[in-house]
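Listed below are the residues making up each chain.
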Amino acid sequence: MKKSQTELKRLAAEKAVEFVPENEYIGIGTGSTVNLFIEALGKSSKQIKGAVATSRESAALMAQYGIPEIHPNEVSSLAVYVDGADEINPLLQMIKGGGGAHLGEKIVARLAQQFICIADETKYVKRLGKFPVAMEVIPMARSMVSRELVKLGGQPELRIGFKSLNGNEIVDVTGLDLSQPIAMEDKLNAILGMVENGIFARDPADLLILAKQDGVELITAHV
Ligand SMILES: O=C[C@H](O)[C@H](O)[C@H](O)COP(=O)(O)O
């Protein structure tokens, strides 16, 4: 029988627990796939020193499962960072930020020695760009940033009623040319008033745990 998307997410999440080293600090992302990872880690016998959370939602779920939380300023390095993605390509470059948490995710991922992305097969794409790219922007610069995004060929749309963890606004952009994801990531971040965009190309994942109908595949970057 065909597995649902949630069942596939759970398979990837459960597999990721095997890659968590004992007695180390780790980083934990945000989203529905990561929620299943937190649950699987919490129910497993694995003991970690603590985890840095990238959102209030992840921190709350970690507390529920007795996973000790540590603040990012209290650690200089994390053994692994586990997170989902909205899209991921064969180079393991990603679009993230569907939940508006990409700024914290980029910061915590940078602290980690290994980035493990967990995803169901719908997230694996040849080319990035269908999923809107989330931009975290300083509220007073929102219109100015949006005009710059239009000049780059994008169609910006404010995420109404949403504030990021750091009190900023999120503008979702479609239509950008992501054929050169690193160049676009840099170009977007050079816009004044932009805090961080949701393209993770400069620092891609190291390992993708991809759950498919015919099993779980481990993928490292195909260059
Ligand atoms: O801001 C949210 C994050 O980047 C998530 O990792 C991403 O949106 C994937 O979420 P989900 O696992 O719910 O598809």
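Residues numbered from 1 in each chain as written. Predicted model: local features only at pLDDT ≥ 70, side-chain atom pairs only at ≥ 80, totals over all residues.

With respect to the domain arrangement of the protein
Alright, step 1. As far as domains go, the protein holds domain 1 (5-126 + 202-219) and domain 2 (133-197).
Alright, step 2. Contact with domain 1, which involves 12 residues of that partner, is made by 14 residues of domain 2.
Alright, step 3. Per element, the largest residue contribution to the side of domain 1 that touches domain 2 is four residues, and it comes from helix H4 (residues 102-111).
Alright, step 4. Looking at the side of domain 1 that touches domain 2 residue by residue, the class counts come to three nonpolar, seven polar and two charged. (Domains from an automatic or database assignment. Contact = placed C-beta atoms within 7 Å. Helix = DSSP H or I, 4+ residues; strand = E, 2+ residues; numbered from the N terminus. Nonpolar A, V, L, I, M, F, W, Y, C, P; charged D, E, K, R; others polar.)

Describing the sheet that holds strand E2 (residues 50-53)
Alright, step 1. Reading across from one edge, E2-E1-E3-E6-E12-E13 is the order of the six strands in this open sheet, with mixed pairing throughout. Across the chains shown, the open sheet's two edge strands, defined by having one partner strand only, are E2 and strand E13 (215-219). Here the average twist between neighbouring strands, direction ignored, is 20 degrees.
Alright, step 2. Relative to E13, strand E12 (residues 207-212) runs antiparallel, the two being bridged by five bridges. Residue pairing for E13: Leu210 is matched across the bridge by Glu217.
Alright, step 3. Packed onto the sheet, helix H1 (residues 5-17) meets strand E3 (80-83), strand E6 (115-120), E12 and E13 and runs at close to 155 degrees relative to E6.
Alright, step 4. The strands touched by helix H3 (residues 56-64) are strand E1 (25-28) and E2; relative to E2, the strand with the most contacts, the crossing angle is about 155 degrees. (Pairing = 2+ DSSP bridges. Axes fitted to C-alpha atoms, helices over the stretch in contact; angles between N-to-C directions.)

What about the site of the ligand?
Alright, step 1. Taken together, 17 residues are adjacent to the ligand, and Gly31, Gly84, Lys96, Gly98 and Gly99 come closest.
Alright, step 2. When residues of the shell around the ligand are traced back to their parent elements, those giving at least two are helix H2 (32-43) and H4.
Alright, step 3. Grouping the constituent residues of the shell around the ligand by class yields two nonpolar, 11 polar and four charged. (Near = placed C-beta within 6 Å.)

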